[in-house]
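Letter by letter, the chains look like this.
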Amino acid sequence: MKALAPAQRQFLKGLAHTRQPVVMIGNQGLTAAVLKEVDHALAAHELIKIKAASSESAMRRNWLEEICAATGAAPVQQIGKVLVIYRAAAKPVIVLPG
């Protein structure tokens, strides 16, 4: 997926604010099962939050990159242990500005 423009990223951050994490990355780390769940959640919701169990910031950044590369999603933001990603559906529900 192409990179998001700053205005689009800001818009998605606002939408994500009230959402709860729908996928958890546990002690086993980023597994194939987790990637499959992320893919299903993106298909259903377009914009999702992922809760990461790791306390290492570098590991969470790597997971965000791996998830986006594997699913074709765009990173929106990372705040602490929460990762926010976006992937437009075939029939998008979320209309991005610009």
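Residues numbered from 1 in each chain as written. Predicted model: local features only at pLDDT ≥ 70, side-chain atom pairs only at ≥ 80, totals over all residues. Heavy atoms only, no water.

Enquirer: Whenever I open this one, the overall build of the protein confuses me. Can you help?
Expert: Scanning the protein from N- to C-terminus turns up three helices and four strands. Reading the helices (α) and strands (β) of the protein from amino to carboxyl end gives α-β-α-β-α-β-β. Its C-alpha atoms give the protein a radius of gyration of 13 Å, near enough to 13 Å, the size a compact globule of 98 residues would have. Along the first, second and third principal axes, the C-alpha atoms of the protein reach 40 × 25 × 25 Å. Taken across its 98 residues, the protein has 37% of its residues classed as buried. Put simply, 68% of the contacts in the protein that link residues at least 6 apart link residues at least 24 apart. (Helix = DSSP H or I, 4+ residues; strand = E, 2+ residues; numbered from the N terminus. Rg over C-alpha atoms; globule rule 2.2 N^0.38 Å. Buried < 20%, exposed > 50% of the residue type's maximum accessible area, 1.4 Å probe, protein only. Contact = heavy atoms within 4.5 Å.)

Enquirer: Where do I start with the pairing of strand E3 (residues 74–79) in this structure?
Expert: Here is the key point about a regular strand: its side chains alternate between the two faces of the sheet. In this sheet, strand E4 (residues 82–86) lies alongside E3 in antiparallel orientation, the contact comprising five bridges. When the bridges of E4 are listed, Gln77 appears paired with Val84. Between E3 and E4, which follow one another and run antiparallel, lie two residues, and Gly80 among them has a positive phi close to 60°. (Pairing = 2+ DSSP bridges.)

Enquirer: How should I be thinking about the pairing of E4 in this particular structure?
Expert: When you tally the buried positions in E4, you get five out of five residues, the bulk of the element. Side-chain alternation along E4 places Val82, Val84 and Tyr86 on one buried face and Leu83 and Ile85 on a second face that is also buried. Alignment of strand E2 (residues 47–52) against E4, held across five bridges, turns out to be antiparallel. Within the sheet, the bridge partner assigned to Lys51 lies in E4 and is Val82.

Enquirer: Where do I start with the pattern of salt bridges in this structure?
Expert: In this structure the tally under the stated criterion is one salt bridge. A salt bridge links Asp39 to Arg87; the shortest N-O distance between them is 2.6 Å. Of the two residues, Asp39 is situated in helix H2 (residues 32–45) and Arg87 in the segment after E4; the sequence distance between them amounts to 48 residues. Relative accessible area serves as the criterion here: at 17%, Arg87 is assigned to the buried category. (Salt bridge = Lys/Arg side-chain N within 4 Å of Asp/Glu carboxyl O.)

Enquirer: When you look at the sheet that holds E2 in this model, what are you seeing that I'm missing?
Expert: The strands that make up a sheet pair up through hydrogen bonds in the backbone, lying either parallel or antiparallel. The four strands are arranged E1-E2-E4-E3 in an open sheet whose pairing can be described as mixed. Edge positions in the sheet fall to strand E1 (23–25) and E3, since each has one partner strand and no second. Here the strands of the sheet are splayed against their neighbours by 25° on average, with no regard to which way each runs. Judged from the three bridges that link them, E1 and E2 form a sheet pairing that is parallel. (Axes fitted to C-alpha atoms, helices over the stretch in contact; angles between N-to-C directions.)

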